[in-house]
Amino acid sequence: MRAAGYTPITYDNLSTGWQEAVKFGPFEQGDLLDRARLDEVFAAYQPSAVMHFAALSQVGESMVKPGLYWHNNVTGSLNLIEAAVAANCQNFVFSSTCATYGDQDNVVLDEDCAQHPINAYGASKRAIEDILRDFEAAHGLRHVIFRYFNVAGADPEAEVGEFHQPETHLIPLVLDAVAGKRDALTIFGTDYDTPDGTCIRDYVHVMDLVEAHVLGLKWLSEDKQSRVFNLGTGTGFSVREVVDQAGHVTNAPVPMIEGDRRPGDCTRLVSGSLRASQELGWRPDRSTMKQMVQDAWRWHQTGHYEK
Ligand code: UDP
């Protein structure tokens, strides 16, 4: 964002994030559930746009703690949206998810596809999309909704990357297993209706995702209509294919065991849309599986934010 000429102001409660990852612009600690704090920060900076990334995002956790997901994600987002409108900030970029589509085997997932989420995480994100539509109709808040597929990779210079505690995402877990930081990767389900029996996802490099957000802001600044865009490449990789690629990149065996399905997981989530390329001019050039695993591995070897 800084490179594109913007000053990003980061608002985060640091519940899962890291202040060390805030490299550019001011940092304000706060919670989306704290409306007074939000109002204070809007008043202090008078931002021209909001980019809303903050959410709980683990499919498995959302199945056992749905209340937490509805409260944090939906109530928190509603607070943020209301604070933006109150501060007359009329441009909103929202991180939604392919999990809003749910399990739709053999259906090409484009933005007009019906949304039938099968987990509370996806349902909470769909609800926020609905709130944005209502707020545009009533208050003129314009939005770009990005439905992310599976985000992977890291900053190629390895200064910023993915680090969750506990880690639940596939690629960092595979790399942990390679590095001996955990015993073995567990493959969640080998009996899915896919060629090798494991789930298929469409992975997109975080740097390409960043580029899409710059294009999203440009879209809104040009007064174009509110719009939904899938951010995926259209190529699916099974869990086993990701594991194989990690073995190639690291040149090491990946210890793994075959386990049960994880409740809430869709069989296959792959974008079937060219809308982001055609309308935004988005080119996800860095999103090859090899590049994503290479960049994640480079980042992983720095030891990141571990104390
Ligand atoms: N997965 C797995 N073992 C793990 C973590 C994830 O087999 O320890 C699978 C998971 O079932 C899904 C894919 O890897 O099919 C991607 O999962 P992740 O949690 O990274 O992202 P999600 O698709 O849930 O957003």
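How each quantity is defined
- Residues numbered from 1 in each chain as written.
- Predicted model: local features only at pLDDT ≥ 70, side-chain atom pairs only at ≥ 80, totals over all residues.
- Heavy atoms only, no water.
- UniProt positions renumbered as here; feature names shortened; annotations may be inferred.
- Near = heavy atom within 4 Å.
- Polar contact = N/O pair within 3.5 Å; in protein donor to acceptor, adjacent residues only side chain to side chain.
- Helix = DSSP H or I, 4+ residues; strand = E, 2+ residues; numbered from the N terminus.
- Nonpolar A, V, L, I, M, F, W, Y, C, P; charged D, E, K, R; others polar.
- Disulfide = S-S within 2.5 Å.
- Buried < 20%, exposed > 50% of the residue type's maximum accessible area, 1.4 Å probe, protein only.
- Pairing = 2+ DSSP bridges.
- Axes fitted to C-alpha atoms, helices over the stretch in contact; angles between N-to-C directions.
- Expected span 1.5 Å × (residues − 1).
- Salt bridge = Lys/Arg side-chain N within 4 Å of Asp/Glu carboxyl O.

As recorded in an unreviewed UniProt entry, the chain goes by the name UDP-glucose 4-epimerase, listed as coming from Roseovarius nubinhibens. Note on the chain: under the UniProt heading Subunit (unreviewed entry), the record states "Homodimer." Looking at the chain in UniProt, the text filed under Sequence similarities (unreviewed entry) is "Belongs to the NAD(P)-dependent epimerase/dehydratase family."

Draft legend 1. Structural context of the site of the ligand. Near the ligand there are 16 residues, and of these Leu170, Thr186, Phe188, Arg262 and Asp265 occur at the shortest range. Arg262 is positioned with one of its side-chain polar atoms (N or O) 2.8 Å from an oxygen atom of the ligand. Elements supplying a minimum of two residues to the shell around the ligand: helix 5 (170–178) and strand 7 (185–188). Here the shell around the ligand takes 4 residues from strand 7, the largest share from any one element. Grouping the constituent residues of the shell around the ligand by class yields 9 nonpolar, 4 polar and 3 charged.

Draft legend 2. Spotlight on the state of the cysteines. Tallied over the entire structure, the rule returns 0 disulfides. The thiol of Cys98 is not disulfide-bonded; the next cysteine sulfur, from Cys266, is found 7.5 Å away. Here Cys113 is not disulfide-linked; the sulfur of Cys266 is the nearest cysteine sulfur, at 12 Å. Overall, Cys113 belongs to the buried group, its relative accessible area being 11%.

Draft legend 3. Fine view of the sheet that holds strand 4 (residues 91–97). Taking strand neighbours across the sheet as the criterion, the 4 strands line up as 3-4-5-10 in an open arrangement whose pairing is parallel. Every other strand in the sheet has two partners, leaving strand 3 (50–52) and strand 10 (227–231) as the edge strands with one partner each. Neighbour-to-neighbour, the strand axes of this sheet turn through a mean angle of 15 degrees, independent of strand direction. Across 7 bridges, strand 4 lies against strand 5 (residues 142–148) in parallel orientation.

Draft legend 4. Main features of helix 4 (residues 120–139). Its 20 residues place the ends of helix 4 28 Å apart at the C-alpha level, agreeing with the 28 Å of an ideal helix rising 1.5 Å per residue. For helix 4, the set of buried residues is Ala120, Tyr121, Gly122, Ala123, Ser124, Lys125, Ala127, Ile128, Glu129, Ile131, Leu132 and Phe135. At the C-terminal side of helix 4, Gly140 shows a positive phi close to 75 degrees.

Draft legend 5. Spotlight on the pattern of salt bridges. Using the criterion set out here, one finds 18 salt bridges in the structure. When the shortest N-O distance is used, the salt bridge between Asp130 and Arg133 registers 3.2 Å. Highlighted residues: Asp130 and Arg133, both in helix 4, separated by 3 residues, approximately one helical turn. A relative accessible area of 39% places Asp130 in the partly exposed class.

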